[in-house]
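Architecture and fold: a report
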Amino acid sequence: MTAADRAGAHMVDALCAAGRIRSPAVERAFRAVPRHLFLPSFTLHEAYADDAVPIRFAEGAATSSASQPSMMAIMLEQLELRAGQRVLEIGAGTGYNAALMATVVGRQGRVVAVDIDQELIDDACEHLATAAPQLAAADAGAIELVCADGAVGHPERAPYDRIVLTVGSDDVRPEWVAQLAEGGRLLLPLAVRGSQLCVALDLGEDGLLRSDSVQSCMFIRLRGIGSATGRTVALAGTDLAVEVPSDGLPADPERLVAALAEPGGAIRMPFPLRQADIWDGFGLWLALTEPGACRLVGAGTGTPAPADGLFADELLPVGPSVGSPALVTSHGPTGLAVVAQTADGRQAIRCFGPAGMDVGAALVGSMQAWAAVGRPGAPDWRLTVVPGEPGEPGPGVVPKPHGTVLAEVRSQGRR
Ligand SMILES: C[S@@+](CC[C@H](N)C(=O)[O-])C[C@H]1O[C@@H](n2cnc3c(N)ncnc32)[C@H](O)[C@@H]1O
């Protein structure tokens with residue numbers, strides 16, 4: 001056994017033990033395709049760690065990465081690939097995921113993998129050539145690499161039994177739905193009110209897409225014609241910013257600035273929140289049920305807050321950054337309530353503006369309502385995508401450029 005074999009076996013054993021790999025077909029693919037052949041400029045340690053590996057940057061931000069192996073395993077299980085299927089991948093990157101999928105669908109199947117970046121496609125071709133002996137030994141299906149904007153799919157080889165995006169999208173584009181075979185499945189990291197949800201959607205005979213599974217995720221966003229329109233707006237005079245997603249009732253940054261200028265009282269939290277409750281858990285619940293929901297994040301400007309004002313480091317820590325769920329009034333007296341850390345390491349709801357305490361009480365009510373239904377997280381939501389004209393935004397109704405996402409909690413309690 002070589003060092004690479006050992007590192008690969010260790011990674012797969014860990015993915016199985018953690019329940020990320022659940023099926024023999026996905027396990028076989030991970031064991032057959034060596035990840036380091038797709039990351040030739042990295043050490044074995046880097047290639048087989050359970051981390052995303054950024055491989056391309058523009059203006060300081062990663063524009064491509066080899067996805068985290070755990071997330072890849074979760075998505076491959078969500079895809080439920082079968083032998084002989086035709087698959088379209090949008091976001092070919094290193095070509096590793098295409099190789100795994102080709103191994104699962106086998107010689108009778110086919111994978112088309114599209115990337116918007118020609119150099120990545122050239123590199124992925126080389127990686128696949130290096131891995132050709134392993135792919136042949138595993139009876140992998142053919143892989144076609146194409147440089148194109150995957151926002152329009154790849155109509156030349158449609159229909160597909162499976163379409164998978166390994167890049168985040170704000171929308172469920174009609175091209176992808178049109179290129180799905182009857183009963184096909186579309187799996188994509190979809191932005192929903194500022195959270196990213198990896199949703200496996202089955203196309204029904206009625207033209208609606210219904211989720212089979214939902215997972216929380218964090219992917220690089222689509223570039224090109226389907227690029228994201230959500231933004232983060234700095235709040236003047238503070239070291240804070242607000243996320244303004246494109247699919248909600250966006251919080252008015254001026255209203256937030258006005259509220260923050262009037263610090264009020266604090267309210268006890270009914271229970272503390274976890275880091276996961278910023279974009280998943282309670283944060284997702286708040287965003288999907290409360291029209292005034294928003295998320296505050298650090299702006300990184302270092303602007304000091306006025307006396308009793310809100311400092312960025314009072315928001316909840318998330319990796320090297322900070323973020324907190326918040327609720328703001330959309331009309332009438334300004335009021336803002338933000339989940340904040342206190343000096344003694346606890347959490348409290350800080351209230352701002354004349355209506356701050358009322359909004360704080362509403363935030364407590366929302367936490368209690370979330371707890372009463374078993375604190376649902378991403379896997380507990382069911383999403384239905386209705387293609388066509390977007391509907392009016394509201395609780396559980398999320399308009400998209402090419403349709404509407406309807407969200408409801410699928411069961412009582414965490415599964
Ligand atoms: C997280 S990486 C994908 C990783 C890849 N599946 C792998 O196994 O290495 C996301 C990829 O999406 C690509 N991408 C971004 N926008 C795109 C678009 N509009 N069409 C196709 N690919 C796109 C990026 O260039 C990047 O390589």
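Residues numbered from 1 in each chain as written. Predicted model: local features only at pLDDT ≥ 70, side-chain atom pairs only at ≥ 80, totals over all residues. Heavy atoms only, no water.

Remarks on the domain arrangement of the protein
Where interface size is given, it is often the accessible area lost as the parts come together that is meant. Once the domains are mapped, the protein shows domain 1 (3–226) and domain 2 (231–372). Using only C-alpha atoms to locate each centre, domain 1 and domain 2 end up separated by 35 Å. Each partner contributes to the interface: domain 1 provides eight residues, whereas domain 2 provides eleven residues. Considering only the side of domain 1, the residues that lose the most area to domain 2 are R193, G194 and S195, jointly responsible for 64% of the buried surface there. Linking domain 1 with domain 2 are zero salt bridges, by the criterion used here. Linking domain 1 with domain 2 are six residue pairs in polar contact (both at pLDDT 80 or more), by the criterion used here. Those elements that place two or more of their residues in the side of domain 1 that touches domain 2 are strand 7 (180–192) and strand 8 (195–203). A class-by-class count of the residues in the side of domain 1 that touches domain 2 yields three nonpolar, three polar and two charged. (Domains from an automatic or database assignment. Contact = heavy atoms within 4.5 Å. Buried area = accessible area lost by both parts, 1.4 Å probe. Salt bridge = Lys/Arg side-chain N within 4 Å of Asp/Glu carboxyl O. Polar contact = N/O pair within 3.5 Å; in protein donor to acceptor, adjacent residues only side chain to side chain. Helix = DSSP H or I, 4+ residues; strand = E, 2+ residues; numbered from the N terminus. Nonpolar A, V, L, I, M, F, W, Y, C, P; charged D, E, K, R; others polar.)

Concerning the nonpolar core
Ranked by size, the top nonpolar core spans 54 residues in total, and within it I163, V172, L186 and L273 carry the most contacts. Split by domain, this core shows at least three residues from each of two domains, domain 1 (3–226) and domain 2 (231–372). Discounting chain neighbours no more than four positions away, the residues touching L186 are I163, L165, V172, W176, L180, V199, A200 and L201. Ranked by size, the runner-up nonpolar core spans 49 residues in total, among them A29, M71, L79 and L135. (Core = buried A, V, L, I, M, F, W, Y, C linked by side-chain atoms within 4.5 Å. Buried < 20%, exposed > 50% of the residue type's maximum accessible area, 1.4 Å probe, protein only.)

Points about the pairing of strand 19 (residues 397–400)
Judged from the four bridges that link them, strand 19 and strand 20 (residues 403–409) form a sheet pairing that is antiparallel. Of the residues in strand 20, the one forming a bridge with P399 is T404. (Pairing = 2+ DSSP bridges.)

Examining the sheet that holds strand 4 (residues 110–115)
The ten strands are arranged 5-4-3-6-7-8-9-18-20-19 in an open sheet whose pairing can be described as mixed. Here the strands that pair on one side only, and so sit at the sheet edges, are strand 5 (142–147) and strand 19. Pairwise comparison of adjacent strand axes, ignoring direction, gives a mean angle of 20 degrees for this sheet. Note that strand 8 and strand 9 (residues 209–216) share seven bridges and pair antiparallel. Residue V199 lies in a different strand from strand 9, and its bridge partner there is V214. (Axes fitted to C-alpha atoms, helices over the stretch in contact; angles between N-to-C directions.)

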